[in-house]
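Residues per chain are reported as follows:
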There are 2 protein chains.
Amino acid sequence: MAKRHLSLKDLATELNISISTVSRALKNHPDISPEITRKVQDLALLRNYVPNPLAMGLLKQETKMIGVIVPDLVTHFYSSIIAGIEEYAKSQGYFILLASSYENLQKEIESVSNLLKARVDGMIVCVSKETNRFDHFLQLIENEIPLVFFDRVCLSELVPCVVVDNKEAVNQIISHFSQNGYKRIAFISGPSHLSISSSRIEGYLEGLKNNGLKFDPELLRSGNMGTEETIQIIEELLSLPNPPDAFFGINDMVIFTVMKELKKLRIKIPDEIGLVGFADEFHATFSSLELTTITHPTHEIGVKAAELFFIKKENPGYAETVVLQTQLVIRESSSRN
Amino acid sequence: MAKRHLSLKDLATELNISISTVSRALKNHPDISPEITRKVQDLALLRNYVPNPLAMGLLKQETKMIGVIVPDLVTHFYSSIIAGIEEYAKSQGYFILLASSYENLQKEIESVSNLLKARVDGMIVCVSKETNRFDHFLQLIENEIPLVFFDRVCLSELVPCVVVDNKEAVNQIISHFSQNGYKRIAFISGPSHLSISSSRIEGYLEGLKNNGLKFDPELLRSGNMGTEETIQIIEELLSLPNPPDAFFGINDMVIFTVMKELKKLRIKIPDEIGLVGFADEFHATFSSLELTTITHPTHEIGVKAAELFFIKKENPGYAETVVLQTQLVIRESSSRN
DNA sequence: TTCTTCACCGCAAAGCTTTGCAATAAGAGA
DNA sequence: TCTCTTATTGCAAAGCTTTGCGGTGAAGAA
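Residues numbered from 1 in each chain as written. Chains lettered and ligands numbered in written order. Predicted model: local features only at pLDDT ≥ 70, side-chain atom pairs only at ≥ 80, totals over all residues. Heavy atoms only, no water.

## Examining the protein's contact with DNA strand D
Moving on, step 1. Taken together, 28 residues lie around DNA strand D, and T21 and Q61 of chain A together with L8, R24 and Y49 of chain B are the ones closest in.
Moving on, step 2. Between DNA strand D and T21 of chain A, the relevant distance is 2.4 Å, taken from a phosphate oxygen to a side-chain nitrogen or oxygen of the residue.
Moving on, step 3. When contributions to the surface near DNA strand D are tallied by element, the ones reaching two or more residues are α2 (19–26) and α4 (53–60) of chain A together with α1 (8–15), α2 (19–26) and α4 (53–60) of chain B.
Moving on, step 4. Here the surface near DNA strand D is built from residues that sort into 13 nonpolar, nine polar and six charged. (Near = heavy atom within 4 Å. Polar contact = N/O pair within 3.5 Å; in protein donor to acceptor, adjacent residues only side chain to side chain. Helix = DSSP H or I, 4+ residues; strand = E, 2+ residues; numbered from the N terminus. Nonpolar A, V, L, I, M, F, W, Y, C, P; charged D, E, K, R; others polar.)

In structure tokens, the structure reads:
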């Protein structure tokens, strides 16, 4: 229902002057006499006038809203990035319109379309795990609608991206495992079309080489990050004639699943098998064994993504990829010295 | 920068007809001839025309946006509720504008003001832990802007609310503790002005009575839910001449803190002390000991809140309080039989 | 042949703000 | 007293959509 909001016209009528005079008075335009300016501003304050963003938007052709699409809304990783985006956006007078792809390509496409209908000024996106086509993003690019990717990225020649140094992170994991005497390191990766999968696999191969470990293709697995498939993979890995003595995963969830499975089998962590996660979910320190993991500067990722958004908005050609550093946080799950 | 979006005018010009004809043709108005209707619809589809929500909003005096304010964005409890709200809102063609109060009254007031500036059609709110004044909400009510509260509520004579049956939930906790032989049950509650605190305290007193347990005021504590203060309270409780043998808290976080502290002191859970949380955070099952807790139908809370919003929007006087049921999920932290 | 009646389509206003330009008035200079 | 500035203020258009109402032409009726 909601009563009509106060407009310039209301103020103008009350003061018996024209709308344009009110408009100018409110922004201290020199053309307007001091008394009128004062009277208008006083009344506006009293009545708590706020300009109508719809009218402004129509005029300026912008909504001051950024669409943000994430794979899910409920993990700390994304929530925290969103908080970062929101913070920076707010400082620029922008709002965020949030959408979740639920890790589903169709829903992602739908979200892009919905946000477009809402006339967001642009989007900041982390693609879903299923995203292997990019038409929906190319459409944005063609229409010169600012777009920024973070974490899971694509089209990086056209779009500014914020990522972490995945290769280096994995290198650190391998070195850490190696220093703790683990030799057969399994990597449960994600879908191969995802940037985070491929870059971490690179790091995996490099890290093995750097630490004088042999690459065994059987220990490198690509899953869909789902619990069921992950359990399947764990079972297969454990029943290998020469099973792994260490696991790390594309994210913490995968490794928590490993932890649960190993607990069921009464396999000792970190003595028999070492574990390292990826992302440092909020609850990593509450788990039965505190999890070694790669912390991400999530808040900073969000802020940076928002920053890039505003740069992109002013420079259509801009397409830098910003790489942020992670940190290996060593906890119980991998320390057996 | 973004190119200008396609408008009715563009279609009209291309077809050499008037804007109003295009507008009517798009909605199959009987006044428009079949051929023109077809031509217009074909072109609209081809060019991917979407109506401009700013213009519509200006005309209809509504933005189809709901402001949602939560204490934080990063706990699973709120994220999941938000997902529920978003789902229902989307089904009604509405978007969500998200804001966090960060558990801070000033930020909450600011958020209300910001959302108002953005001209949301109404708001769905869970108040911050500091919220003990309600002027900012009364202002909305006066202006007949639809408002719904959930979980932590207030002004329930004026505003529709969605809550859980806190009294019953706490009753269940007490009975469960009692059945497991715990006798001195401490409750670390939240700020006393919060609805969830007072209703759970009611349940606490009732539950004790129902189970023939004596109420000891020393075991009922109100904290600010912060880790530091919680630790302080735990220490005080444990150094009591007759310390508690069971804890439950206003939320899971508080109890996770207890769990950590007890672990440090090498106190055995659940043998020496039993623990029960509240809310069933995502990671309750990953903790060193799986946590007994009260699960909330979070998604349903969100959906219901959104439903009430749309009812309220059509019925200014509406102010029902919907009570949803929780469930006690018994896990390791409190089972010592 | 002339009037009536549909069938169709376009004009214009409303919703709100900004801003270029026109207009008015007063004051100053001649 | 008359013309020219200068200082203020208002008009109107643009941005986009919806919708009441008026308008046009053709076909049917008398």
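Resuming the write-up.
## Considering the sheet that holds strand β6 (residues 185–189) of chain A
Residues and elements named next belong to chain A.
Moving on, step 1. With respect to topology, four strands assemble into an open sheet ordered β7-β6-β8-β9, the strand pairing being parallel. Two strands in the sheet have a free side with no partner beyond their single neighbour: β7 (220–222) and β9 (274–276). Looking at each pair of strands side by side, their axes are set apart by 15 degrees on average, direction ignored.
Moving on, step 2. The pairing of β6 with β7 spans three bridges and is classified as parallel. When the sheet's bridge partners are listed, F187 is paired in β7 with L220.
Moving on, step 3. In the packing of helix α10 (residues 227–238) onto the sheet, contacts are made with β6, β7 and β8 (246–249), and the angle to β7 comes to roughly 160 degrees. (Pairing = 2+ DSSP bridges. Axes fitted to C-alpha atoms, helices over the stretch in contact; angles between N-to-C directions. Contact = heavy atoms within 4.5 Å.)

## With respect to empty space enclosed by the protein
Moving on, step 1. Taken as a whole and judged by the stated rule, the model has four cavities of 30 Å³ or more.
Moving on, step 2. Space inside the largest cavity adds up to approximately 120 Å³.
Moving on, step 3. In this structure, the largest cavity is lined by E86, K90, Y94, F95 and I96 of chain A together with L98, A99, S100, S111, N114 and L115 of chain B.
Moving on, step 4. Those elements that provide at least two residues to the lining of the largest cavity are α5 (76–91) and β2 (95–100) of chain A together with β2 (95–100) and α6 (105–117) of chain B. (1 Å grid on protein atoms, 1.4 Å probe; cavity = no way out; pocket = protein on both sides within 12 Å on 5 of 7 lines; lining within 4 Å. Points joined across faces, edges and corners; volume = space filled by probe spheres on them.)

## What to know about the domain arrangement of chain A
Moving on, step 1. What the domain assignment reports for chain A is domain 1 (8–51), domain 2 (61–164 + 301–323) and domain 3 (166–297 + 329–334).
Moving on, step 2. Spacing between the C-alpha centres of domain 1 of chain A and domain 3 of chain A amounts to 64 Å. (Domains from an automatic or database assignment.)

## So, the protein's contact with DNA strand C
Moving on, step 1. If you check the shell around DNA strand C, you find 28 residues, and the closest are L8, R24 and Y49 of chain A together with T21 and Q61 of chain B.
Moving on, step 2. Here the atoms of DNA strand C within 4 Å of the protein split so that 63% fall in sugar or phosphate, with bases taking the remainder.
Moving on, step 3. Within the contact set of DNA strand C, a phosphate oxygen lies 3.0 Å away from a side-chain nitrogen or oxygen of K27 of chain A.
Moving on, step 4. A distance of 2.3 Å separates a phosphate oxygen of DNA strand C from a polar side-chain atom of T21 of chain B.
Moving on, step 5. Secondary-structure elements contributing two or more residues to the surface near DNA strand C are α1 (8–15), α2 and α4 of chain A together with α2 and α4 of chain B.

## A few points about the environment of F256 of chain B
Moving on, step 1. Checked against the element boundaries, F256 of chain B lands in helix α11 (residues 252–264).
Moving on, step 2. Remark: the alpha-carbon pair of F256 of chain B and L275 of chain B, spanning 19 residues in sequence, is separated by 9.1 Å.

## Here we look at the side chain of T230 of chain B
Residues and elements named next belong to chain B.
Moving on, step 1. Mapped onto the secondary structure, T230 falls in helix α10 (residues 227–238).
Moving on, step 2. Using a relative accessible area of 3% as the deciding quantity, one classes T230 as buried.
Moving on, step 3. When residues no more than four places from it in sequence are discounted, the contact partners of T230 are M225, V254 and T257. (Buried < 20%, exposed > 50% of the residue type's maximum accessible area, 1.4 Å probe, protein only.)

## Quick notes on the packing of aromatic side chains
All names here are of chain A.
Moving on, step 1. Enumeration according to the criterion identifies 20 aromatic pairs over all chains in this entry.
Moving on, step 2. Between F309 and F310, the ring centres sit 5.3 Å apart and the planes meet at 90 degrees, which makes this aromatic pair edge-to-face.
Moving on, step 3. According to the relative accessible area criterion, F309 is buried, its value standing at 0%.
Moving on, step 4. These aromatic residues form a ring-pair network of at least three members: Y88, Y94, F309 and F310.
Moving on, step 5. Looking at R200, its charged tip hangs above the ring of F278, at a distance of 3.7 Å from the centre.
Moving on, step 6. One Lys or Arg, R336, reaches over the ring of Y182 and ends 3.8 Å from the middle of that ring. (Phe/Tyr/Trp six-rings, centres within 6.5 Å; stacked < 30°, edge-to-face > 60°. Lys NZ or Arg CZ within 6 Å of the ring centre and 35° of its normal.)

## Some thoughts on the sheet that holds strand β8 (residues 246–249) of chain B
All names here are of chain B.
Moving on, step 1. Overall, parallel pairing links the four strands, which are arranged β7-β6-β8-β9 in an open sheet. The open sheet is flanked by β7 (220–222) and β9 (274–276), the only strands paired with a single partner. When the angles between neighbouring strand axes are averaged without regard to direction, this sheet yields 15 degrees.
Moving on, step 2. Pairing between strand β6 (residues 185–189) and β8: four bridges, direction parallel. Along β8, the bridge assignment pairs F187 with F248.
Moving on, step 3. Relative to the sheet, helix α8 (residues 166–179) contacts β6, β8 and β9, its axis offset from that of β8 by approximately 165 degrees.
Moving on, step 4. Against the sheet, α10 engages β6, β7 and β8, with an angle of about 160 degrees to β7.

## Things to note about the interface of chain A and chain B
Moving on, step 1. At the junction of the two partners, chain A supplies 58 residues and chain B supplies 57 residues.
Moving on, step 2. For the chain A and chain B pair, buried surface summed over both sides reaches about 5300 Å², with 63% attributable to carbon and sulfur atoms.
Moving on, step 3. Counting the contacts that link chain A with chain B gives two salt bridges.
Moving on, step 4. In this structure, the salt-bridge partner of E110 of chain A is K90 of chain B, at a minimum N-O distance of 3.9 Å. (Buried area = accessible area lost by both parts, 1.4 Å probe. Salt bridge = Lys/Arg side-chain N within 4 Å of Asp/Glu carboxyl O.)

## Concerning the packing of α8 of chain B against helix α9 (residues 195–210) of chain B
Residues and elements named next belong to chain B.
Moving on, step 1. Relative to each other, α8 and α9 sit at 40 degrees, their axes nearing to 7 Å. Looking at the two axes, α8 sits oblique to α9. Crossing of α8 against α9: the hand is right-handed. In contact with N166, K167, V170, N171 and I174 of α8, α9 contributes I196, S199, R200, E202, G203, Y204, E206, G207, L208 and N210. (Parallel < 35°, antiparallel > 145°, perpendicular 65-115°, else oblique. Left-handed = near helix turned anticlockwise from the far one by under 90°.)

## With respect to helix α7 (residues 135–142) of chain A
Residue and element names in this part refer to chain A.
Moving on, step 1. All buried positions along α7 are accounted for by H136, F137 and L140. When α7 is viewed along its axis, its buried side chains cluster within an angular range of 100 degrees and face the same direction.
Moving on, step 2. In this fold, the buried residues of α7 make contact with α6 (105–117), β3 (122–125) and β4 (147–150).
Moving on, step 3. Looking at the residues trailing α7, positive phi occurs at E144, about 55 degrees. (Arc of directions from axis to C-beta.)

## Considering the pairing of strand β4 (residues 147–150) of chain B
Residues and elements named next belong to chain B.
Moving on, step 1. The alternating pattern of β4 places L147 and F149 and V148 and F150 on opposite faces, both of which are buried.
Moving on, step 2. As a crossover connection, the stretch from strand β3 (residues 122–125) through helix α7 (residues 135–142) into β4 is right-handed.
Moving on, step 3. Where β4 lies against strand β5 (residues 161–164), two bridges are found, and the strand directions are parallel. Each residue of the ladder has a partner; that of F150, found in β5, is V162. (Right-handed = clockwise from strand over helix to strand, strands pointing away.)

## Some words on the relation of the copies chain A and chain B
Mapping between the two chain copies consists of a rotation about an axis together with a translation along that axis.
Moving on, step 1. Structural alignment of chain A on chain B gives an RMSD of 0.1 Å, achieved by rotating through 180 degrees and translating 0.0 Å along the axis. What the rotation and shift describe, once combined, is the action of a two-fold rotation axis.
Moving on, step 2. When the interface residues of chain A are mapped onto chain B, 98% of them again lie at the interface, so the same face is used by both copies. (Least-squares fit on C-alpha atoms with pLDDT ≥ 70 in both.)

## Concerning the layout of surface pockets
Moving on, step 1. Taken as a whole, the largest pocket encloses approximately 1100 Å³ of empty space.
Moving on, step 2. Lining the largest pocket are 45 residues, with L54, T63 and M65 of chain A together with L54 and M65 of chain B positioned closest to its centre.
Moving on, step 3. Every element with two or more residues in the lining of the largest pocket is listed here: α4, β2 and α6 of chain A together with α4, α5 (76–91), β2 and α6 of chain B.
Moving on, step 4. Taken together, the residues of the lining of the largest pocket break down into 22 nonpolar, eleven polar and twelve charged.

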